[in-house]
Amino acid sequence: MKKKWWIILSTLAAVVLAFVFTMGRQHLYVSNAQMSTGFTIKDQITLREENTNIYEADVKFENVVQTINSPLVIGLLQYQLLIHDLTSNKPFVHLTDKDFNTPEYKVFNKTEALQICRNHLDSLQMLSSYHPDERRILEYMKLCKYDYESIRKMLNVGRLSRTDYIDISFRSPNPEQSAFVVNTLYSEFIRYYRSLRSERTVENVSTFEELVNKKKQELDAKVEALRMYKSSAGLLNVEAASTNELSLISQLEKGLLDEQATSNTLTASLQNVNAQIAAASQGKTTYSSNNDIVSLRRQINDLNDEYLRTGSSNDALAERIKALRKQLQNASSISSTPTGAAVSKEELLQKKAGLESDLKASNQNIANLQAKIRMLKGSVGSYANKEATVSTLQQEVTLAQDEYNKLKEKLNSAIDNRTAPMDNFRQTLKGQPAFKPESSKRIIIMGMCGLAIFMLTTISILFREFFDSSMKSPSIFEKNVDLKLISTINHADLKKYSILEVLQQKEENYDAVRKRQNSFREFLRKLRFEIENSGKSIFLFTSTEPQQGKTTLVQAVSYSLSLSNKKVLIIDTNFCNNDLTLQLQARPTLETFSVAPEEFSIEKVKEIVTTYSVENIEVIGCKGGDYTPAEILPKNHLLNYLPQLKQYYDFIIMEGAPLNDYTDSKELEQYAEGVVAVFSSKLSLKQNDRESVQFLEGLNGKLLGAVLNNINEDYLDL
């Protein structure tokens, strides 16, 4: 709150500056145009089914926005603006007298510029700054605010949220110019976009046509290879040929079984005849009916064994066995007694010859059938190998056909894009000149500036105070330093007024501006009271760090003591920084003074002191250097005689070097009766400061106390 005026004044200054800066703003007119893209909604009939991908649509929207904002499209707009101003009776931009005197205007050639702009507009090309004529046109455009940066600053292109529309807005001092820009920008974008799409489509069609032709040649080659192989192998249809041969094998195997059954029957009959012939040779009589029954039974048994051996799955054998059993049944119906006609031996021999001839023919038929079956089975095996080769070739043909079909489909898509409309862009809102200018928003700008500076200043002050670790107030000092605080000294403007002027200024001459100096004098009187009532005469003023105000405080205390008619001797013992000697213009005699004890007298001291302009104050200066009192002072130096000097002087005040960096004050402490530690309110306590404070605490009663110097008046009561 003590710094509230900083906040208030900063806020007011920001508001005033915002008002001043917005006074000269031009009145700007805004025109808007809208275009639908068709990226998310398609109203027209398309040649192919296409699904809308929302992520792909976002990319397309961004591509369109970037294309509209591209230097090439805006360059086409620049040509249109410049051509309009150079050929119209109502140009959008009116140059001032100052512009007429510029080098850009003087070197500009109107006729040449019109020709170049029209050529570049037709060919969709950009101006080059490396060409001298085109560079002059670019510089003239910049003079008319038609350059790329000026147009982009006033142009805003973006997608309307969650819609299929893109909004184009432009601000300018001329309402007709704003409408012209948004409408022309759309037209030039469509012209450039369709030109680009047309080039890409032609390239795509050409590329796909080459690929389709190549794949068609590969497909034809593979089809021809398959046909040639089938032709060379004698197979137009491998599957049909294989099926026919398997059917023929099955028929031949059935015929083989029938022939084998016939052979078995003939063999049985032949055996029966041989038995009858043997019986006839022995004089026995044979009958034909019993022999036939025996022969039929033997045939049935043989065929039944063969049927069981083949797994009871041969239908031909089953039918043959069934027929023989029917013949056996018919033969059994005839009586088995020897009632049949007797057969002679000659008849049996004739029958045997016939049976042997039939059996031989049957065996020959069996051999032929077996050979044919083996040949057909070998042919079927070769068909299997040929079929595998044909299958491989057919698979290659199928793959080539699929690749050809896919490329053909892509070629059709490219042709569709060329023949069908290339895009769905439509201008749904045409830009119109605005009736009134855009609001300057001066009140809002002023309010925002004031609020921003208010918040920034407040946060800066709070941030600075929060992280400020300096001992800026007496309460903070007492909290961090365990030393007795005997006095606080406020900040005073000692550049405008000297210390002596501040201390001698009369009360009635003080005005409100000098209250700070008055406070300084009163605080100094309190310090003087502490020194006078301490019962000590020899004091050492020291500090933990340099630039704490020891030199100024020694002078001020000395002046204050002299005003109360006290005689003061100031001794500059700060060898590392003898500002006290320089400011008081004292003679540097401290390092050279040396008197034996028996020869010491006040008169000899008077020879080395410098009488100051202020009454009752005398000074002994030092040369100063990189050394300590123990290193530079002679054997019988002045500090040994301080007890004798206090009989002549009421107070003797010495200034010592900082404790953190030098040992001077520690060496001088033995000559002093009291030590005063000076701390600046700007000091941030560090570890080496704490070590120096511990030294001051261990001075065994010599420490008079600490003085907090250079305090801001805002923190005096804290």
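Residues numbered from 1 in each chain as written. Predicted model: local features only at pLDDT ≥ 70, side-chain atom pairs only at ≥ 80, totals over all residues. Heavy atoms only, no water.

Let us now look at the sheet that holds strand β11 (residues 617–620). Read from one edge to the other, the open sheet built from eight strands follows the order β7-β14-β13-β8-β12-β9-β11-β10, with strand pairing classed as mixed. On the outer flanks of this sheet lie β7 (485–490) and β10 (610–611), each paired with one strand and no other. Against the sheet, helix α18 (residues 550–563) touches β7, β8 (538–543), β9 (568–572), β11, β12 (651–655), β13 (674–680) and β14 (703–711), its axis set at about 170° to β12. Strands β8, β13 and β14 of the sheet are contacted by helix α24 (residues 687–697), whose axis makes an angle of about 155° with β13. (Pairing = 2+ DSSP bridges. Helix = DSSP H or I, 4+ residues; strand = E, 2+ residues; numbered from the N terminus. Contact = heavy atoms within 4.5 Å. Axes fitted to C-alpha atoms, helices over the stretch in contact; angles between N-to-C directions.)

Attention now goes to the sheet that holds strand β1 (residues 29–36). Taken in spatial order, the four strands line up as β2-β3-β1-β6 in an open sheet, and their pairing is antiparallel. Looking at which strands have only one partner, the edges of the open sheet turn out to be β2 (155–159) and β6 (426–429). Pairs of neighbouring strands in the sheet enclose a mean axial angle of 25°, with direction left out of account. The pairing of β1 with strand β3 (residues 165–172) spans eight bridges and is classified as antiparallel. Counted as the bridge partner of M35 is I166 from β3. Taken strand by strand, helix α2 (residues 54–68) contacts β1, β2 and β3, and its axis lies near 165° from that of β2.

Another point: unusual backbone geometry. With the exception of glycine, most residues fall at negative phi, and the peptide bonds are largely trans. Phi at R162 takes a positive value of approximately 60°, unusual for a residue other than glycine. With respect to the element layout, R162 can be found in the loop between β2 and β3.

So, on to the packing of aromatic side chains. Any pair of aromatic rings gets described here by the distance separating the centres and the angle formed by the planes. Summed over all chains, the structure comprises 15 aromatic pairs. Here the aromatic rings of F463 and F467 are separated by 4.5 Å at their centres, their planes lie at 50°, and the arrangement is tilted. Pair noted here: F463 and F467 are both in helix α14 (residues 442–467), with a separation of four residues, about one helical turn. Each member of the pair, F463 as well as F467, is classed as exposed. For the pair Y559 and Y612, a centre-to-centre distance of 5.9 Å together with 15° between the ring planes defines the contact as stacked. Placement of the pair is Y559 in helix α18 and Y612 in the loop between β10 and β11, with a sequence separation of 53 residues. Taken together, the ring pairs connect F100, Y105, F108 and Y140 into an aromatic cluster. A cation sits over an aromatic face here: R159 above F61, 4.0 Å from the ring centre. Above the plane of the ring of F695 lies K666, whose end atom (NZ or CZ) is 5.2 Å from the centre. (Phe/Tyr/Trp six-rings, centres within 6.5 Å; stacked < 30°, edge-to-face > 60°. Buried < 20%, exposed > 50% of the residue type's maximum accessible area, 1.4 Å probe, protein only. Lys NZ or Arg CZ within 6 Å of the ring centre and 35° of its normal.)

Quick look at the packing of helix α6 (residues 110–123) against helix α7 (residues 132–143) now. Contact geometry for α6 and α7: axes closest at 10 Å, N-to-C directions at 95°. Looking at the two axes, α6 sits roughly perpendicular to α7. When α6 is examined against α7, the residues E112, A113, I116, C117 and H120 are found in contact with a partner set consisting of D133, E134, R136, I137 and M141. The residue inventory of the contact of α6 with α7, partitioned by class, reads five nonpolar, one polar and four charged. (Parallel < 35°, antiparallel > 145°, perpendicular 65-115°, else oblique. Nonpolar A, V, L, I, M, F, W, Y, C, P; charged D, E, K, R; others polar.)

Our next topic: the environment of F593. Of note, F593 is situated in the loop between α19 (579–584) and α20 (602–606). Spatially, the C-alpha atoms of F593 and H637 are 5.8 Å apart, while their sequence positions differ by 44 residues. Look past the residues within four positions of F593 in its chain and what remains in contact with it is F600, K604, V605, I608, P634, N636, H637, L638 and Y641.

Another aspect to go through is a nonpolar patch on the surface. Taken together, the side chains of L451, F454, M455, I459, F463, F466 and F467 define a hydrophobic patch exposed on the protein surface, amounting to about 790 Å² of accessible area. You can see M455 is positioned in helix α14. (Patch = residues over 30% accessible without salt bridge, like charges linked within 9 Å, V, L, I, M, F, W, Y side chains within 5 Å. Areas by Shrake-Rupley, 256 points an atom, 1.4 Å probe, with all protein chains shown as cover. Salt bridge = Lys/Arg side-chain N within 4 Å of Asp/Glu carboxyl O.)

Moving on to the pairing of β9. Along β9, five of the five residues are buried, which leaves the element largely enclosed by surrounding structure. Alternating residues of β9 divide into V568, I570 and D572 and L569 and I571, and every residue in both groups is buried. Alignment of β9 against β11, held across four bridges, turns out to be parallel. Looking at β11, one finds that V568 is bridged to I617.

The next point concerns helix α1 (residues 4–21). Look at α1: 26 Å from first C-alpha to last across 18 residues, which is about the 26 Å you get at 1.5 Å a residue. All buried positions along α1 are accounted for by I7, T11, A14 and A18. With its buried residues spanning 60° around the axis, α1 presents them on a single face. In α1, the exposed positions that point more than 90 degrees away from the buried face belong to W5, W6 and L9. The inward-facing, buried residues of α1 contact α14. (Expected span 1.5 Å × (residues − 1). Arc of directions from axis to C-beta.)

Take the pattern of salt bridges next. Under the counting rule described, the total for this entry stands at 13 salt bridges. Salt-bridge contacts for K566 lead to E532; the nearest nitrogen and oxygen are separated by 4.0 Å. Of this pair, K566 sits in the loop between α18 and β9 while E532 sits in helix α17 (residues 515–532), and the two are 34 residues apart along the sequence. K566 gets classed as partly exposed once you look at its relative accessible area, which sits at 25%. A salt bridge links E599 to K604; the shortest N-O distance between them is 3.8 Å. A relative accessible area of 46% means that E599 is categorised as partly exposed. On the basis of relative accessible area, K604 is assigned to the partly exposed category, the value being 28%. Salt bridges sharing common partners tie together E545, K686 and D689.

A separate point is the nonpolar core. Core analysis: the biggest nonpolar cluster contains 49 residues, and I137, F189 and F425 have the highest contact counts within it. Per-element tally for this core: the top contributor is helix α3 (residues 71–87), with ten residues. Ignoring sequence-local partners within four residues, the contact set of F425 consists of M35, S36, T37, F39, V64, Y186, F189, I190, Y193 and R194. (Core = buried A, V, L, I, M, F, W, Y, C linked by side-chain atoms within 4.5 Å.)

Our focus in this paragraph is the side chain of S681. Within the element layout of this structure, S681 appears in the loop between β13 and α24. With residues up to four places along the chain from it excluded, the contact list for S681 reads S470, M471, K472, L708, N709, N710 and I711.

This next bit is on the pairing of β7. Among the six residues in β7, six count as buried, and that is most of the element. Bridge analysis of β7 against β14 gives four bridges, and the strand direction is parallel. Counterpart to L485 in the pairing with β14 is A706.

One turn of an α-helix holds 3.6 residues; hence residues three or four places apart share an orientation. Its twelve residues place the ends of α7 17 Å apart at the C-alpha level, agreeing with the 16 Å of an ideal helix rising 1.5 Å per residue. Here α7 has its buried residues at D133, E134, I137, Y140, M141 and L143. Taken end-on, α7 shows its buried residues confined to a sector of 165°, consistent with a single buried face. Exposed side chains of α7 directed beyond 90 degrees from the buried face belong to P132 and K142.

As far as function goes, none of this settles anything; it's purely spatial.
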